[in-house]
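Observations on the model geometry
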Amino acid sequence: MAQSGGGQSEWQRRAAAQRAEKEAAAARQKHEREVAARAKQEAREGREQRSDELERTAVEQNAQTASRIEDLGRNLLLSVLNLPVFTIHALEVAPERPVFRPGALTVAGTAPDWADYEPPPPSRVGRLVGGSGRYTREVDAARVRWEADTADFEQDEADRLRKLAAARSEHDQHVAAASERAAAHNTNLAVQWTKCVEGDPEAIEWFVGQALAAAPYPDGFPQTRKIAYRPQEHDIVIEIDFPRRSVIPEVREYKFYKTVPEIRPVKWKEPEARKLYAQLVAWMTLRVVHEVFTVTKALDLVDVVVFNGTVTDVDPATGKDTLYHLISLEPERSLFEGSLELDRVTDPIRCLRGLDARVSPNPYDLEAVQPVVTFDLSRFRLANDSTELADLDSRTNLLQLTPTEFEKLIEKLLKAMKFDAYRTVDSKDDGIDVVVTRNDVIFGGVCLVQAKRTKNRVELSTVQAVAGAMADHNAATGMVVTTSWFGPSSIAFAKRNRITPVKGAELKHMIKRYLGIDVIPGVAEPRGRRASEGRE
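Here we summarise the structure given alongside this text. (Residues numbered from 1 in each chain as written. Predicted model: local features only at pLDDT ≥ 70, side-chain atom pairs only at ≥ 80, totals over all residues. Heavy atoms only, no water.)

**As for the sheet that holds strand β6 (residues 321-329)**
Taken in spatial order, the five strands of this open sheet run β1-β2-β5-β6-β7, and their pairing is mixed. The open sheet is flanked by β1 (225-230) and β7 (358-359), the only strands paired with a single partner. Note that β6 and β7 share two bridges and pair antiparallel. Bridged to Ile327 within β7 is Val359. Across the sheet, helix α5 (residues 201-214) is in contact with β1 and β2 (235-241); its angle to β1 comes to roughly 140°. (Pairing = 2+ DSSP bridges. Helix = DSSP H or I, 4+ residues; strand = E, 2+ residues; numbered from the N terminus. Contact = heavy atoms within 4.5 Å. Axes fitted to C-alpha atoms, helices over the stretch in contact; angles between N-to-C directions.)

What follows is the structure in structure tokens.
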């Protein structure tokens, strides 16, 4: 084959091109293998990382689950054994002592400087051509400005000092008022403690309630409790609500499967859940009895704690919420404190039976026991007058009723709603007009009702007074029934403190529904933001 100009022949060029193509193909294949290897390595590392993350998640979830189970078990008791003994001093408050921060009021202004106003004197030549007179006029004008600015400055400084003094006075008044409130609060506590020492039942009930409320419980535990001190028997009768069975976590543990990888929850077997719940109510019982004996030891007035442990749950036969007594006992102090080392107890159910407790054999199945003592209304001064309202059909305006007639109407309405309602006597009942009882989730015991017949908005202080009466009497809930309406602050406070506000429009519908009587509240709730959201 011929060559041209001493260059490569055609076959040499083709051979070179083929070699180059083969080398390029080999390079591409090598690159593709490297990319595939890296992708495979990254995928393997990603799976390992994901697997490690899931494994760590499973460990964390199991730790949380185990901690929750511990909190629902023996820790219920152990968590309070080493706490300092609750005393009245735990309720004392220290007055607020805010720092006085007047801000810019402490910064004095700068007085006008005459040097900034004084005009420059005329030159020698200027004086020869009449500059002296012009200078005199400029000085006079500058002095007028300077004096005016100086007067404004002095006025501003006087205003600043006056505002500073007012702010300091307001701060001092705030501090003094806070100190007075704290002193009054602490004085009231001292009075309450004196009453406790003297054996006043309501004071002792209040103190025990405060002590029980001070020790926290895990989430999901109700805070409803009833307390009654009986001085003749030297005992305290206490009824505590247990949490429902749903407080037991559904999942026992989280299992991690590395080959998948994934986390799968493992649920409690039913016998295990039953045992956990039975132990929970037993541990809670020992805890409460221990707390009551401990906080009343200094009073030397309580020899026995009568304990009823209840739960409100759905009756499978009726579908209604029903109160079940699961545990009841009345241990003497000497037996409880002398025969038990609570920090070493590991079988709470056997411990309770050793105290002759009545323990439900199947609390998870809501199998009830007969309580040792049941609560009554003996602590409330109830009116004996059960006369029905006469001729109410002719009274269409609730404001035309007398206060007593309005209270009787509310009593009759609540009875028609299937509650046990009792009107109180007309004095010395902390503003409470009707006492209501019913064992369900709405009232869960005692509810204190104030009937407010008024044409004006119910003030926040009225709702706060009901909350105070609830605390004094250890009532579960409260209610304010009115012919008028409530402001937003009153409604918000009521919701936070288990108080049901019933305004006039709602009362009208309730009377129509349950008593079949058509009435008008006598006052209409104002419309508009200003009327309904004014200051309270």
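**Examining the side chain of Thr462**
Its place among the elements puts Thr462 in helix α10 (residues 460-473). When sequence neighbours within four positions are dropped, the list of residues in contact with Thr462 reads Gln450 and Lys452.

**A short note on unusual backbone geometry**
A cis amide bond links Val260 to the next residue, Pro261, at an omega of -20°. With respect to the helices and strands, the residue Pro261 is situated in the loop between β3 (251-257) and β4 (262-267). In this structure, His234 is a non-glycine residue whose phi angle is positive, near 55°. One can find His234 in the loop between β1 and β2. Of the residues examined, His234 reaches a relative accessible area of 30% and is grouped as partly exposed. Unlike most non-glycine residues, Asp300 shows phi in positive territory, near 55°. Structurally, Asp300 can be placed in the loop between α6 (270-296) and β5 (304-314). (Buried < 20%, exposed > 50% of the residue type's maximum accessible area, 1.4 Å probe, protein only.)

**Looking at the pairing of strand β12 (residues 499-502)**
Taken residue by residue, a regular strand's side chains alternate between the two faces of the sheet. Across four bridges, the pairing between strand β11 (residues 477-482) and β12 is parallel. The residue bridging Gly478 from the neighbouring strand is Ile499, located in β12. In this fold, the crossover linking β11 to β12 by way of helix α11 (residues 488-496) has right-handed handedness. (Right-handed = clockwise from strand over helix to strand, strands pointing away.)

**Points about the packing of α5 against α6**
α6 packs onto α5 with a crossing angle of 125° between their chain directions and a minimal axis gap of 10 Å. Classed by the angle they form, the pair α5 and α6 counts as oblique. The chirality of how α5 crosses α6 is right-handed. Along its contact with α5, which presents Phe207, Val208, Ala211 and Leu212, the element α6 presents Val288, Glu291, Val292, Val295 and Thr296. Tallied by class, residues from the contact of α5 with α6 come to seven nonpolar, one polar and one charged. (Parallel < 35°, antiparallel > 145°, perpendicular 65-115°, else oblique. Left-handed = near helix turned anticlockwise from the far one by under 90°. Nonpolar A, V, L, I, M, F, W, Y, C, P; charged D, E, K, R; others polar.)

**Some details on the packing of α10 against α11**
Across the interface, α10 lies against α11 with an axial gap of 8 Å and an inter-helix angle of 15°. Classified by the angle between their axes, α10 and α11 sit roughly parallel to one another. Here the hand of the crossing between α10 and α11 comes out right-handed. Residue-level contacts link Leu460, Val463, Gln464 and Ala467 of α10 to Ser489, Ser490, Phe493 and Ala494 of α11. Class assignment of the residues belonging to the contact of α10 with α11 gives a composition of five nonpolar, three polar and no charged.

**Some details on the nonpolar core**
By size, the foremost hydrophobic cluster in this structure holds 63 residues, and its most contacted members are Ile236, Ile238, Phe242, Phe307 and Ile327. In terms of residue count, the dominant contributor to this core is α6 (15 residues). By size, the runner-up hydrophobic cluster in this structure holds 24 residues, among which are Leu398, Ala451, Leu507 and Ile517. (Core = buried A, V, L, I, M, F, W, Y, C linked by side-chain atoms within 4.5 Å.)

**What about a negative patch on the surface?**
Taken together, the side chains of Glu42, Glu45, Glu48, Asp52, Glu53 and Glu55 make up a negatively charged region of the molecular surface. Judged by relative accessible area, which is 37%, Glu55 ranks as partly exposed. (Patch = residues over 30% accessible without salt bridge, like charges linked within 9 Å, V, L, I, M, F, W, Y side chains within 5 Å. Areas by Shrake-Rupley, 256 points an atom, 1.4 Å probe, with all protein chains shown as cover. Salt bridge = Lys/Arg side-chain N within 4 Å of Asp/Glu carboxyl O. Lys, Arg positive; Asp, Glu negative; His and termini not counted. Charge placed at Lys NZ, Arg CZ, Asp CG, Glu CD.)

By themselves, these observations are geometric and do not establish any function.
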